[in-house]
Amino acid sequence: MRAGVEELVRYRGMIRQMFVRDVKLRYERSIFGLAWTLLNPLAMLIVYTAFFSLVVRLGVPRYPVFLLSGLLAWNFVARGMTGVSAAIWHNGYLINRVRFPHESLVISGMLSLLTDFLIELAVLMLVLVALGATISAAIVFLPVAVVLLLMFGLGVALFFAVWMSLYRDTEYMLGIFSTAWLYMTPVFYPASLVPQKYLALYNLNPMVHLLSLFREPIYGGRFPASDTIVISTLISVGMLALGWSFFRRYSPQFAELI
Amino acid sequence: MLTIGLYDVSKRFRAYSSRNDRWLRRELMSSLRRGKRSRDYWTVFENVNLEVGEGEIVGVIGRNGTGKSTLLKLIAGILQPTSGRIVVEGSVCALLELGVGFSLDLTGRENVFLYGTILGLQECHIKQVLPDILEFAELDGFLDTPLKYYSTGMRTRLGFAVAASADPDVFLMDEVLAVGDQGFREKCERKLQELIRSGKTIMLVSHDLDAVRALCSRVVWLDSGYIRADGPAHEVTSAYEASFLEARPSEVAT
């Protein structure tokens, strides 16, 4: 594992250059690049808010803030799982001709996602202010939450990147899986609506805890509970370790598999 | 001193009829049909042994599909051997194709950094040798133009210039001499001579026997799955040429 870290440090320039390329192509070379990033969460906000406050009345106060504080973090992980995980599959040509640590493709992809996510978070803060909400001091916790979410998302992306390169089916399975996972996560509704007898089962979903890291400071105005922080840290470190070791086991075969 | 060593190396590929066959369905079917157990493997190398010393310039020749590129990929670590052991001392730069990883929407300058770091160069090193790279690639005035407006020749020149600025212990090259016009080709060969003089170990795959004779002291001739000959450049290339003359009459006979 140490050799793996050292190699990635040696190739940090590549990770940075690939990240810079993605950001440049997205934002600098496209007039509406930044606008799209902002428009996307705003459009989702309008659609979901309309649906969940007019049709399905959940009775959640300040619903737009509740929704976005969970949805942005969810989108980050979901896009890592379904989008970034395809990086290995899409770069088969490169993998077959140059030797480099394949993780760098996934890492740079996650960093681009992170850029979008941070911009979206900033927009959310503006929405908060515009709605007249006071931003609590608990938002100083957000950097920690972002780091934990990034570790978890990276672990997920590395894990599924292997499956993507093993079987073409994975892409379609992930489509179904991510939809199911979304509805088992308190993104649109509060976890308090889940029946008591299913709660233990429901809490096995790691995203339940990771979302609290964002929702508590942004929506609740308080720091997450200490056991939430501990559980989330264990989940994130565990997922990253699992995803990365799985990735490293298959990485030498990628050139042949793809 | 030894730089590259291959000991009893075998390489088999699983044969897929097409890349679309990587579906679970096929995987399940083939495990159900396990009874027959006639998994399709395609052997590229069988127990190959090869040692290359420090500073040696080795040419690799052979017909198409005899595993020349696979040999370089194995040494570079892009592919893993099915069995056997491969030892490589020092850092390796494999140039199987120039400019892999270029991004057409980025400028020439940006691509120098992107491609350079993909080859494993450090950003500070690239910054240092940037003037040399640009001079070698002869791109005056096109530096900040996106690569998609470059001609094929310009892209190749840029690719070679970046690759040649790498400073590994071992260079693996696959047909990289077959680039550009006469003038640039000569320039590439001069650059290669320079690398040779600086004591780098080089393995060079080429169909251009004149270039191989001019640059290499030793030549390895690959035939399907094994090393048919390994020795002084002139001897092996002549034998290789002779094999084509031999083959012809039998073709007429059949």
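1. Overview of the overall build of chain A
Step number 1: A tally of helices and strands in chain A yields 13 helices and 0 strands.
Step number 2: Going residue by residue from the N terminus, the α and β elements of chain A occur as α-α-α-α-α-α-α-α-α-α-α-α-α.
Step number 3: The C-alpha atoms of chain A give 19 Å as radius of gyration, which agrees with the globular expectation for 258 residues (18 Å, within 12%).
Step number 4: By its C-alpha atoms, chain A is 55 × 50 × 35 Å across when sized along the principal axes.
Step number 5: Expressed as a percentage of its 258 residues, the buried residues of chain A come to 39%.

2. Overview of the overall build of chain B
Step number 1: Secondary structure assignment for chain B yields 8 helices and 9 strands.
Step number 2: Within chain B, buried positions represent 36% of all 254 residues.
Step number 3: Sequence separation of at least 24 residues holds for 74% of the intrachain contacts in chain B that already meet a minimum separation of 6.

3. Structural notes on the nonpolar core
Step number 1: Ala161 of chain A together with Ala94 and Leu172 of chain B are the most contacted members of the largest nonpolar core, which totals 129 residues.
Step number 2: Broken down by element, this core gets its largest block of residues, 15 residues, from helix H8 (residues 142-166) of chain A.
Step number 3: Apart from residues no more than four positions distant in its own chain, Leu172 of chain B is found in contact with Leu72, Ile75, Ala76, Val92, Ala94, Leu95 and Met203 of chain B.

4. Considerations on the interface of chain B and chain A
Step number 1: At the junction of the two partners, chain B supplies 25 residues and chain A supplies 22 residues.
Step number 2: For the side of chain B that touches chain A, the element with the most residues is helix H3 (residues 108-118) of chain B, which contributes 4 residues.
Step number 3: Split into classes, the residues belonging to the side of chain B that touches chain A amount to 14 nonpolar, 7 polar and 4 charged.

5. Let's talk about unusual backbone geometry
Step number 1: At Arg62 of chain A, a residue that is not glycine, the phi angle is positive and equals roughly 45 degrees.
Step number 2: Position of Arg62 of chain A among the secondary structure elements: in the loop between helix H3 (33-55) and helix H4 (63-82).

6. As for the confidence of the model for chain B
Step number 1: On average, residues of chain B score 85 in pLDDT, and 87% of them are at 70 or above.
Step number 2: Interface confidence for the predicted complex, expressed as ipTM, amounts to 0.87; the pTM equals 0.89.

7. Description of the sheet that holds strand S1 (residues 2-14) of chain B
Sheet strands associate in pairs through backbone hydrogen bonding, adopting either a parallel or an antiparallel arrangement.
Residues and elements named next belong to chain B.
Step number 1: Strand order in the open sheet formed by 3 strands is S2-S1-S4, with antiparallel pairing between adjacent strands. Each edge of the sheet is formed by a strand with only one pairing partner; in this case those strands are strand S2 (41-53) and strand S4 (83-88). Taken pair by pair, the neighbouring strands of this sheet meet at an average axis angle of 20 degrees, ignoring direction.
Step number 2: Note that S1 and S4 share 5 bridges and pair antiparallel. Note on S4: the bridge partner recorded for Ile4 is Val88.
Step number 3: Seen against the sheet, helix H2 (residues 68-76) touches S1, S2 and S4 and runs at an angle of roughly 120 degrees to S1.

8. Overview of the pairing of strand S8 (residues 218-223) of chain B
All names here are of chain B.
Step number 1: Here strand S3 (residues 57-61) pairs with S8 via 4 bridges, running parallel. Paired with Gly59 across the strands is Val219, a residue of S8.
Step number 2: For S8 and strand S9 (residues 226-232), the ladder comprises 6 bridges, and the chain directions are antiparallel. Its bridge partner lying in S9, Asp223 is registered against Tyr226.
Step number 3: Between the end of S8 and the start of S9, which pair antiparallel, lie 2 residues, with Gly225 showing a positive phi angle near 95 degrees.

9. Some remarks on the sheet that holds strand S6 (residues 170-174) of chain B
All names here are of chain B.
Step number 1: Taking strand neighbours across the sheet as the criterion, the 6 strands line up as S5-S6-S7-S3-S8-S9 in an open arrangement whose pairing is mixed. A strand with exactly one partner marks an edge of an open sheet, and here the two such strands are strand S5 (92-95) and S9. With strand direction ignored, the average angle separating the axes of adjacent strands in the sheet is 15 degrees.
Step number 2: Here S3 pairs with strand S7 (residues 201-205) via 4 bridges, running parallel. Directly across from Val60, in S7, lies its bridge partner Val205.

10. Considering the packing of H4 of chain A against helix H9 (residues 169-183) of chain A
Residue and element names in this part refer to chain A.
Step number 1: Two elements in contact, H4 and H9, have axes separated by 10 Å at closest approach and are oriented at 165 degrees. Compared by their axis directions, H4 and H9 come out roughly antiparallel. In the crossing of H4 with H9, the sense of the turn from one axis to the other is right-handed. Together, Trp74, Ala78, Met81 and Thr82 of H4 and Leu174, Gly175, Ser178 and Leu182 of H9 make up the contact between the two elements.
Step number 2: The residue makeup of the contact of H4 with H9, split by class, is 5 nonpolar, 3 polar and no charged.

11. What about helix H4 (residues 123-137) of chain B?
Residues and elements named next belong to chain B.
Step number 1: Val129 marks the point of greatest bend in H4, at about 55 degrees, and the proline Pro131 comes within the next four residues.
Step number 2: Three or more residues of H4 are buried, namely Ile126, Ile133, Phe136 and Ala137.
Step number 3: Where H4 is buried, its residues touch H3 and helix H5 (152-164).
Step number 4: Directly after H4, the chain includes Glu138, whose backbone phi takes a positive value near 50 degrees.

12. Some details on the environment of Ser236 of chain A
All names here are of chain A.
Step number 1: Looking at the secondary structure, you find Ser236 in helix H12 (residues 226-250).
Step number 2: With 82 residues separating them along the chain, Ser236 and Leu154 place their C-alpha atoms 9.2 Å apart.
Step number 3: For Ser236, the contacting residues outside a window of four places in its chain are Leu148, Met151 and Phe152.

Procedures and definitions
- Residues numbered from 1 in each chain as written.
- Chains lettered and ligands numbered in written order.
- Predicted model: local features only at pLDDT ≥ 70, side-chain atom pairs only at ≥ 80, totals over all residues.
- Helix = DSSP H or I, 4+ residues; strand = E, 2+ residues; numbered from the N terminus.
- Rg over C-alpha atoms; globule rule 2.2 N^0.38 Å.
- Buried ≥ 20, exposed ≤ 12 C-beta atoms within 10 Å, placed from the backbone.
- Contact = placed C-beta atoms within 7 Å.
- Core = buried A, V, L, I, M, F, W, Y, C linked by C-beta atoms within 7 Å.
- Nonpolar A, V, L, I, M, F, W, Y, C, P; charged D, E, K, R; others polar.
- pLDDT = per-residue confidence, 0-100.
- Pairing = 2+ DSSP bridges.
- Axes fitted to C-alpha atoms, helices over the stretch in contact; angles between N-to-C directions.
- Parallel < 35°, antiparallel > 145°, perpendicular 65-115°, else oblique.
- Left-handed = near helix turned anticlockwise from the far one by under 90°.
- Bend = angle between axes of the 7 residues up to and from the residue.

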